[in-house]
Amino acid sequence: MSNAVLITREPVINKQYKITANRLIVHAATVAQAVEGLQGLADVWPATHPVFISLYRLVPTPDLLEWTAPPNAMVEIPTQAIAHPLTLSLIPRLQEAGISLNLTWYQPDTVVPPNVPWRFVIIDAKRQPLPAAPPGLAIAWGLADVPDFRDAIAQGYDGASGWFFLRGVKTDGKLAPSHAQIVRLLNLVRRNAEVKDIENVLKQDVALSYKLLRYINSAGFGLMCEIQSFRHAVTILGYEKLHKWLSVLLISASRDPSAPALMQTAIARGRFMEKIGSAFFEKGELDNLFITGAFSMLHLLLGASLQSALEEMHLPPPIYDALVGGDGVYAPFLKLARALESFDEKQLAALAHDLHITPDEVNRAHLEALAFADSLQFG
């Protein structure tokens, strides 16, 4: 694995708690290896939002110019490397190539090269609670939880990068009535109930019917025709796919301010598990892998304990075992999906190795899942 390139990520969140960019951390031994890894991902590149490229511990050098950067890519220049001769020579050449630049780990005494239009400036908010006049849009990093994010925005930050929104959300309680209605539908679909019985439940909640049709007709689902009625949805999709879309609807039902970021992350986890698991499971089980990943954040989205939410759904045992017990056949794939959300490439490499999955397979499934999640509209 010494020559392997692995990509982890963290999202960039705006003041409205929505993911507006993705920060990809490229773990490689050299810049040339990083370029080789990135070059092979053009066909699965997430194009909806800007993508920050961090070379992690590497000094950015002109080797990076060998990469054919997508139009939405932004290269991060860490302040620790900004005086390095190779980095200084790289910066104007990236500008000439039309590649946007971000400055990372900015401090008020940082001396930056003149005439560089930095787009975003990532600042360690633990050290700098106030942005202190950065030369670009200030992005807070290192926040502990949602209250920390609120404080950072109040202090003048334009957004934040990281997984803080997974913490500081209340998770005690029961399913809300709107959530319970979707769970009722999920159970009807799983039992292959008559379409008329399912329609009767939907007629009790017009908003629910509208949301279902809106999600099914989203560009990300790739359907060739517009679905205009629930009966049409059943005919086109079948019950297995319908169960999957209802699952998406359930995780989109939260009114928590952090919900858009949580939903996007949940969908990315589910899609990654579905893609990476396709070599291990029969086609009929792939929706279960998707639901496992998507439901792994259900307690945060619904404000109910995970166990109480799942008990009302009567899900297949492998999903329940992975989510509640952390074991069973789906659990290693959920651990792999979660490992993408950290800076720990060694853990990610070990989990992939245990499953006999190559780094390239992990990276491709990761970016494809991210592109899919980004293509859906939340909030």
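Values in this document were obtained by computation on a predicted structure and should not be read as measured data.

A barrel is described by the order of its strands in space; here eight strands give the closed sequence E1-E2-E3-E4-E5-E6-E7-E8, paired in mixed fashion. Averaged over all adjacent pairs, the angle separating strand axes in this sheet is 30°, with direction ignored. Looking at chain direction, strand E1 (residues 6-14) and strand E8 (residues 159-161) are connected through three bridges and run antiparallel. When the sheet's bridge partners are listed, Ile13 is paired in E8 with Ala160.

In this section: the packing of aromatic side chains. All told, the structure shown has twelve aromatic pairs when counted by the stated rule. Note on Phe164 and Phe165: the rings are 5.8 Å apart at their centroids and 90° apart in plane angle, and the pair reads as edge-to-face. Residue Phe165 is classed as buried on the basis of its relative accessible area of 1%. Taken together, the ring pairs in this structure connect Tyr17, Phe149, Trp163, Phe164 and Phe165 into an aromatic cluster. Taking the ring centre of Phe372 as reference, the NZ or CZ of Arg271 above it sits at 4.1 Å.

Attention now moves to the environment of Ala266. Mapped onto the elements, Ala266 comes out in helix H8 (residues 259-276). C-alpha of Ala266 to C-alpha of Ala294: the two residues are 28 residues apart in sequence and 4.4 Å apart in space.

All right, on to helix H12 (residues 317-325) then. Listing the buried residues of H12 in full gives Ile319, Ala322 and Leu323. Along H12, the residues classed as buried sweep out an arc of 90° about the axis, all on the same side. Among the exposed residues of H12, those pointing more than 90 degrees away from its buried face are Pro317 and Gly325. Buried-residue contacts for H12 involve helix H9 (286-295), helix H11 (306-311) and helix H13 (331-339). Once H12 ends, the next one or two residues include Gly326, with phi positive near 70°.

Summarising burial for strand E6 (residues 120-124): five of the five residues are buried, a large majority. Where burial is concerned, the two faces of E6 agree: the one with Phe120, Ile122 and Asp124 and the one with Val121 and Ile123 are both buried. Summarising the sheet, strand E5 (residues 100-104) and E6 pair through two bridges and their orientation is parallel. Pairing of Leu103 across the sheet is with Val121, part of E6. One ladder, built from five bridges, connects E6 with strand E7 (residues 137-141); its direction is parallel. By the bridge assignment, Asp124 is partnered in E7 with Trp141.

Rules used in this analysis
Residues numbered from 1 in each chain as written. Predicted model: local features only at pLDDT ≥ 70, side-chain atom pairs only at ≥ 80, totals over all residues. Heavy atoms only, no water. Pairing = 2+ DSSP bridges. Helix = DSSP H or I, 4+ residues; strand = E, 2+ residues; numbered from the N terminus. Axes fitted to C-alpha atoms, helices over the stretch in contact; angles between N-to-C directions. Phe/Tyr/Trp six-rings, centres within 6.5 Å; stacked < 30°, edge-to-face > 60°. Buried < 20%, exposed > 50% of the residue type's maximum accessible area, 1.4 Å probe, protein only. Lys NZ or Arg CZ within 6 Å of the ring centre and 35° of its normal. Arc of directions from axis to C-beta. Contact = heavy atoms within 4.5 Å.

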